[in-house]
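Commentary on secondary and tertiary structure
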Amino acid sequence: MASIIAVNELQHSNGTTAAEIKSDGTFYPAGGIVQVQQTVISGRQQLTVNTETDITGASVSITPKSSTSKIMVFSTIPSISSNNATIRLALYRDNAVVNLLGYYSSNTTGWVPLNISFQYLDSPSTTSSITYKIAIQLQNVDDGVWLNYANAHAGFSSADDARGTVTLMEIAQ
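A brief report on the enclosed structure follows. (Residues numbered from 1 in each chain as written. Predicted model: local features only at pLDDT ≥ 70, side-chain atom pairs only at ≥ 80, totals over all residues. Heavy atoms only, no water.)

Description of the nonpolar core
Membership of the largest hydrophobic core comes to 27 residues, with the highest contact counts inside it found for Ile87 and Leu89. Going through the elements one at a time, strand 6 (53-62), strand 7 (70-81), strand 8 (85-93), strand 9 (96-105), strand 10 (112-122), strand 11 (130-139), strand 12 (145-147) and strand 13 (164-171) are the ones with two or more residues in this core. Residue contributions to this core peak at five residues, all from strand 11. Leave out the neighbours within four places in its chain, and leucine 89 touches Ile55, Asn99, Leu100, Leu101, Tyr103, Ile116, Phe118, Ile134, Ala135 and Ile136. (Core = buried A, V, L, I, M, F, W, Y, C linked by side-chain atoms within 4.5 Å. Buried < 20%, exposed > 50% of the residue type's maximum accessible area, 1.4 Å probe, protein only. Helix = DSSP H or I, 4+ residues; strand = E, 2+ residues; numbered from the N terminus. Contact = heavy atoms within 4.5 Å.)

Right, here's the structure in full:
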């Protein structure tokens, strides 16, 4: 006959929680990845406006399994920009900005390769569905920015499109 021990969490002898056992029987060790959601941003996008604009396709939703989970956001968008571009990115959780980033490219002539990448660890404190999205704002831009553009100087033909991604990882606490 099998033995049954009923517990809600496992603790280290120092009192810290090592793992949580949910009411549905799922087991999440602290620091373990609970789930991963990703979107692939396809197609070139040319941006020339100086107002904040959502990046088309740079939105992904996740429903955390626990309100104590953290969400790790990773994003990489291969791009090129015109001379002296100042770029501001905003990471939104639903309608609230959770992180701001800035990029600057400088060149005397031509287009500059610009890999827009970031990581951000968020604590949403919810088990409701949430959506993360990236918005962009350009300033001091001569001819704009191309997103998902493979740079011909890196060995790609001008017809090649790159693909950006936004990846969410729920991390158990």
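There's plenty left to go through after this.
Thoughts on the environment of leucine 101
With respect to the helices and strands, leucine 101 occurs in strand 9. Judged by its relative accessible area of 25%, leucine 101 falls in the partly exposed class. Distance in space between the C-alpha atoms of leucine 101 and alanine 90 is 6.5 Å, their sequence separation being 11 residues. Apart from residues lying up to four places away in sequence, leucine 101 is in contact with Ile87, Arg88, Leu89 and Phe118.

Thoughts on the side chain of glutamine 35
Structurally, glutamine 35 is set in strand 4 (residues 33-41). Separated by 2.8 Å, the side chain of glutamine 35 and the backbone oxygen of threonine 63 make a polar contact. Here the side chain of glutamine 35 touches glutamate 170 through a polar contact of 2.8 Å, side chain to side chain. Discounting residues that sit within four places of it in the chain, glutamine 35 has contacts with Ile62, Thr63, Pro64, Lys65, Leu168, Met169 and Glu170. (Polar contact = N/O pair within 3.5 Å; in protein donor to acceptor, adjacent residues only side chain to side chain.)

A word on the packing of aromatic side chains
The description of an aromatic ring pair rests on the distance of the ring centres and on the angle between the ring planes. The final tally for this structure, using the stated rule, is zero aromatic pairs. Positioned above the aromatic ring of tyrosine 92 is the side chain of lysine 133, whose terminal nitrogen or guanidinium carbon lies 5.2 Å from the ring centre. (Phe/Tyr/Trp six-rings, centres within 6.5 Å; stacked < 30°, edge-to-face > 60°. Lys NZ or Arg CZ within 6 Å of the ring centre and 35° of its normal.)

Quick notes on unusual backbone geometry
Despite not being glycine, aspartate 94 shows a phi value in the positive range, around 55°. Considering the arrangement of structural elements, one finds aspartate 94 in the loop between strand 8 and strand 9. Of note in the backbone geometry, serine 125 takes a positive phi value of approximately 55° without being a glycine. Structurally, serine 125 can be placed in the loop between strand 10 and strand 11. For serine 125, a relative accessible area of 56% gives the class exposed.

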